[in-house]
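Here are the chains, one letter per residue:
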Amino acid sequence: MSKTAYGVFRGTISDAPDFDPTVDAETLYNAMKGIGSDKETILDLITSRSNAQRQEIIAAYKCSFGQDLIEDLKYELTGKFERLIVSLMRTPPYHDAKEIHDAIKGTGTNERCLIEILASRNNKQIQDMVAAYKDDAGCSDSGEHIEETVTDLPFGTRDESGVVDADLVQQDAQDLYAAGEEKWGTDESTFIMILGNRSVTHLRMVFDEYEKIAEISIEESIKNELSGDFERLMLAVVQCIRSVPMFFARRLYKSMKGLGTADNTLIRIMISRSEIDMLDIRECFRLRYEKSLYNMIKDDTSGDYKRTLLNLCGGDDDLAGEFFPEAAQIAYKMWELSAMTKVQLRPTVRPAPDFDPAADAQDLRKAMKGFGTDEDAIIDIIARRSNAQRQEIRQAFKSLLGRDLIKDLKSELSKNLERLIIGLMLTPAEFDAKMMRKAMEGAGTDEHALIEILVTRSNEEIQAMNAAYMDAYKKSLEDAIYSDTSGHFCRILVSLVQGAREEGPADVERACADAQELADASNAESDDMEMKFMSILCTRSFPHLRRVFQEFVKCTNKDIEQIIKKEMSGDVKNAFYAIVCSVKNQPSYFSDRLYKAMKGLGTDNRALIRIMVSRSEVDLFNIRKEFKDTHDVSLHEFIQGDTSGDFRKTLLILCGGED
C-alpha cells in the first residue's frame, strides 16, 4: 500500500478486510463455471482486492482447482474488459515489463508508453521492472533491449535522499542553461545527467534558479531547444518532477478526448496508479479540465469495461460540487508558476534575407500576367516575407507598375487562398480591423472572434486597429460594437477596445485587495458580479492579474476559472474565460482556438486564417509547441489533414515546421 510524502494513503484500492484467498478463488471459479460467465462478480471481486491479495488468490486457485486463474480469465473474457482484468492480476513490476515489451516489439515503437513509464517510476519500481522483464519468458528475447533502454538513459538511478546542496543547485541551473539556451545546438548529455539523477526536491529548486538565469521556464527551454522523442522524454521528466499526479491527469485526458479512446493508455494508468495516487490524479484532473475523471470515463467507455474502470477510479468528484482544498493548493501553485514563467515568444515567419522589393514586385506581376495565374510563385513570395517587407513590395508594385497589388491579387485568386493571401498583405492593424468588421457584418455576429482579438492584443495594437477601422469604414470601432452587441457583453468589449489596459508588474497589496473584491463579488447578484469582474479583468495588467488570480485561490479555495464557468453564462462567460486563459498562457489559448477551428466536421477557415496570419510573426512557434503538447498531434499534421491545395500549402509555410 503506497503513501504520499505526508504519510497518507492516496490510492483508491486497498487491502480488503477479512480477506480469504481460498473463498475468493472458489467465487471466481464458480463465476466462470458452465456456459457464460458472471462478469459482474468477477469485476467486483477483483477491483475490491489489492494487488498483493490478487497474487494470493492466484496461488489459492491453483491449489484448489489445479488451473491457472489468468489463463481461465483470458478464456472466459474478451476485448478491452479481458485486457483490463488480466492486467489487474499481474504484479506491478510484471505489468510494467509487459507494457514495455509490447511497446518495443514488432515494427514501430510506442515511444509515448516507454516515456510515460520511465519518467514516472521511482528507482525501485524501475529495478523491479527490469528484473521482471528478464525473468519472463515472453520478454526474454528483448531482455537486452530493455536493459539498454534503461541504462542508456539514467532511469532507476535518481538520488532519493531528499538532501539539497545549495551550491549544486546553482551549478546545475547554470550547466543546463549553458547546455541549451546559451549554446548553438544542445548538449543532450547534460540534460540527461542532471534531470535523470538529481533528487526531486533538488530539481524543483534547480528549475526555479534556471528561470532566474534564462528568464524562461525549463519547459519552454526544452520546447525551444530539443525535438522529437527526446523533447517529449525530457518534458515528461520535468512534468513528473513538478507533479506526478498532474502528469497522469494530462495523460488520462489525452487518452479519452476527441474521437476514439487510447484504451491501452487508459488501462495502464488506471491500474498502475490505483494503489498509489489515484485520489491526487482525480483532483488534478478536475482542476485542469473542470470535469471529474469519473464522468470522463463514464462518457467515454461502456459496459463491464466501464464499470471496472469506475471501480478503480473510486468516486465522482463532481458530486461534491465544491472545489477541494488539495486541488486549491495545486491551483495556487499553477498560478504561481504562471506568474514566474517568462515565455520567450518565437515567430515562424521572419524577414527574408537579401530582400529586393522591386524584384518581388516584378515577379508577382509576372505571376499574374496573361492567361492563368502562377499561384506557387505568389505563395512562395508572400508567405516567406515579413509583413514589413510585404508593405515595401506593395509600395514598389505601385511605384514601378502603377498598379494596386491587393486589387490585382483579389482579381486573380479566389476563396480561402485569396482571403489568406490578402490577410498577409494587409498591415496587422488593417487585418485586425477587417477581422472585426467581418465578425460583425451580416446576420450573425462572431462573438468568439471579437473576444479573441480584443483580449489578446496590446494597447498599441488596439489603438492602431481603431485608427485602421475608422480609416477603412468611416465609423469608429466602438460605435460598431455598440450597434452590434448589447448588455454586459457590449460593455466588456467597449472597455477592451479603449486600448487602455494598465501596464507593468503586479502590485502585491493591490492584488490582494482585487482578489478579495472578486471573491466578495462571486457571492453577489449576477449583474453586480459581472460589473466587478469587468472593472478588474478588463483594466489590470496581465502580470498583475496573474497575482490577483493566485490570491483569489487563497481567499476562496477556488480557482477563478471555476467561478466563471459555474456562475456566468453566454458571451460574458466566454469573454472573461478568454481573459483568464490569455493571462495564464496565451500561446495555449491560441492553440485551443486553432484546435476548435479544425476538429470535427467542417473547418472554421476564418478563425484559422485569422490566427495563422496574426500570430506568424509573434508566437506561432510557441503555439505549435503547445498544440503538440496538448493534443498529441502536430499543428502541421492537423492543417495537412484538414485543408487542401494552395490554401494548405500557404498555411504550412506559415506554420513553419512539423514538430
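Residues numbered from 1 in each chain as written. Predicted model: local features only at pLDDT ≥ 70, side-chain atom pairs only at ≥ 80, totals over all residues. Heavy atoms only, no water.

Participant: Just to check I follow, could you spell out the overall build of the protein for this structure?
Facilitator: Helices and strands together make up the secondary structure of the protein, namely 39 helices and zero strands. Its C-alpha atoms put the protein at 95 × 60 × 60 Å along the principal axes. Residues classed as buried in the protein amount to 51% of the 659 residues present. Total accessible area on the protein stands at roughly 28,800 Å², and carbon and sulfur atoms take up 48% of it. Of the charged side chains in the protein, 85 are positive and 114 negative; the average position of the first set lies 4 Å away from that of the second. (Helix = DSSP H or I, 4+ residues; strand = E, 2+ residues; numbered from the N terminus. Buried < 20%, exposed > 50% of the residue type's maximum accessible area, 1.4 Å probe, protein only. Areas by Shrake-Rupley, 256 points an atom, 1.4 Å probe, with all protein chains shown as cover. Lys, Arg positive; Asp, Glu negative; His and termini not counted. Charge placed at Lys NZ, Arg CZ, Asp CG, Glu CD.)

Participant: Whenever I open this one, the packing of aromatic side chains confuses me. Can you help?
Facilitator: Aromatic rings considered in pairs are described by the distance between their centres and by the relative angle of their planes. Evaluation of the coordinates by the stated rule reveals 14 aromatic pairs. Seen from their ring centres, Tyr 177 and Tyr 210 are 6.4 Å apart, and the 70 degrees between their planes marks the pair as edge-to-face. Pair noted here: Tyr 177 is in helix α10 (residues 166-179) and Tyr 210 is in helix α12 (residues 200-214), with a separation of 33 residues, a long-range link. Note on Tyr 210: relative accessible area 0%, which makes it buried. A network of ring pairs unites the aromatic residues Tyr 29, Tyr 61 and Phe 65 as a single cluster. The ring of Phe 621 has Arg 346 sitting right over it, with the charged end atom 4.0 Å from the ring centre. The ring of Tyr 577 has Lys 565 sitting right over it, with the charged end atom 4.4 Å from the ring centre. (Phe/Tyr/Trp six-rings, centres within 6.5 Å; stacked < 30°, edge-to-face > 60°. Lys NZ or Arg CZ within 6 Å of the ring centre and 35° of its normal.)

Participant: What exactly am I supposed to notice about the packing of helix α15 (residues 244-256) against helix α18 (residues 293-300) here?
Facilitator: Look at α15 against α18: their axes get within 10 Å of each other, and the N-to-C directions meet at 20 degrees. With respect to α18, the element α15 is oriented roughly parallel. Along this stretch, α15 crosses α18, giving a crossing that reads as left-handed. For the pair α15 and α18, the contacting residues are Leu 252, Tyr 253 and Met 256 in the first and Leu 293, Met 296, Ile 297 and Asp 300 in the second. Of the residues in the contact of α15 with α18, the class split is six nonpolar, no polar and one charged. (Axes fitted to C-alpha atoms, helices over the stretch in contact; angles between N-to-C directions. Parallel < 35°, antiparallel > 145°, perpendicular 65-115°, else oblique. Left-handed = near helix turned anticlockwise from the far one by under 90°. Contact = heavy atoms within 4.5 Å. Nonpolar A, V, L, I, M, F, W, Y, C, P; charged D, E, K, R; others polar.)

Participant: How should the pattern of salt bridges be read in this particular structure?
Facilitator: Oppositely charged side chains may form a pair once their charged atoms are brought near each other. Throughout the structure, instances matching the rule amount to 42 salt bridges. For Asp 629, the salt bridge identified is with Lys 223, shortest N-O distance 4.0 Å. Placement of Asp 629 in helix α37 (residues 620-631) and of Lys 223 in helix α13 (residues 218-225) is noted, with a sequence separation of 406 residues between them. Across this residue pair, the class does not change: Asp 629 and Lys 223 are buried. Because the salt bridges share partners, they merge into one network encompassing Glu 99, Glu 116, Arg 251 and Arg 268. (Salt bridge = Lys/Arg side-chain N within 4 Å of Asp/Glu carboxyl O.)

Participant: Would you mind showing me how to read the packing of helix α22 (residues 375-382) against helix α39 (residues 645-655) here?
Facilitator: Between two packed helices, what matters for the description is the angle formed by their axes and the separation of those axes. Direction vectors running N to C along α22 and α39 enclose 20 degrees, while the axes themselves pass 10 Å from each other. Classed by the angle they form, the pair α22 and α39 counts as roughly parallel. Along this stretch, α22 crosses α39, giving a crossing that reads as right-handed. Of the residues in α39, those in contact with Glu 375, Asp 376, Ile 379 and Asp 380 of α22 are Asp 646, Lys 649, Thr 650 and Ile 653. Residue composition of the contact of α22 with α39, by class: two nonpolar, one polar and five charged.

Participant: What am I meant to see in the confidence of the model for the protein here?
Facilitator: Detailed reading of the predicted coordinates is not advisable wherever pLDDT falls low. Here the protein shows a mean pLDDT of 89. Residues at 70 or above account for 92%. Element-level pLDDT for the protein is lowest in helix α9 (residues 143-152), with a mean of 49, against a maximum mean of 98 in helix α28 (residues 459-473). Per-residue pLDDT stays below 50 along residues 141-146; that stretch engages in seven contacts with residues further than four places along the chain or on separate chains. (pLDDT = per-residue confidence, 0-100.)

Participant: Hey, could you run me through the environment of Cys 284 in this one?
Facilitator: Examined against the element boundaries, Cys 284 turns out to sit in helix α17 (residues 278-289). Residue classification places Cys 284 among the buried residues on the basis of a relative accessible area of 1%. Expressed as a C-alpha distance, the spacing of Cys 284 and Ile 453, which sit 169 residues apart in the sequence, is 30 Å. When sequence neighbours within four positions are dropped, the list of residues in contact with Cys 284 reads Ser 243, Pro 245, Met 246, Ala 249 and Ile 330.

Participant: What exactly am I supposed to notice about the nonpolar core here?
Facilitator: Here is a general trend for soluble globular proteins: nonpolar side chains tend to be buried in one another's company. One finds Phe 533 and Phe 576 to be the most contacted residues of the largest nonpolar core, which totals 182 residues. Ala 97, Ile 117, Leu 118 and Met 129 belong to the second-largest nonpolar core, a separate cluster that totals 13 residues. (Core = buried A, V, L, I, M, F, W, Y, C linked by side-chain atoms within 4.5 Å.)

Participant: It is not clear to me how helix α35 (residues 570-598) should be interpreted in this structure. Could you clarify?
Facilitator: The periodicity of an α-helix, 3.6 residues per turn, causes residues three or four places apart in sequence to face the same way. Over its 29 residues, α35 runs only 22 Å from end to end, short of the ideal 42 Å by more than 12%, given 1.5 Å per residue. Its axis deflected by about 130 degrees at Asn 585, α35 carries its strongest bend there, up to four residues before the proline Pro 587. Just beyond α35, the residue with positive phi is Gly 600, at close to 75 degrees. (Expected span 1.5 Å × (residues − 1). Bend = angle between axes of the 7 residues up to and from the residue.)

Participant: Explain the side chain of Arg 365 to me, please; I cannot follow it from the model alone.
Facilitator: Following the sequence through the fold, Arg 365 ends up in helix α21 (residues 357-368). With no salt bridge to any partner, buried Arg 365 finds its closest opposite charge in Asp 408, at an N-O distance of 4.0 Å. If we ignore the near neighbours within four places in the chain, the residues touching Arg 365 are Phe 397, Leu 401, Arg 403 and Asp 408.

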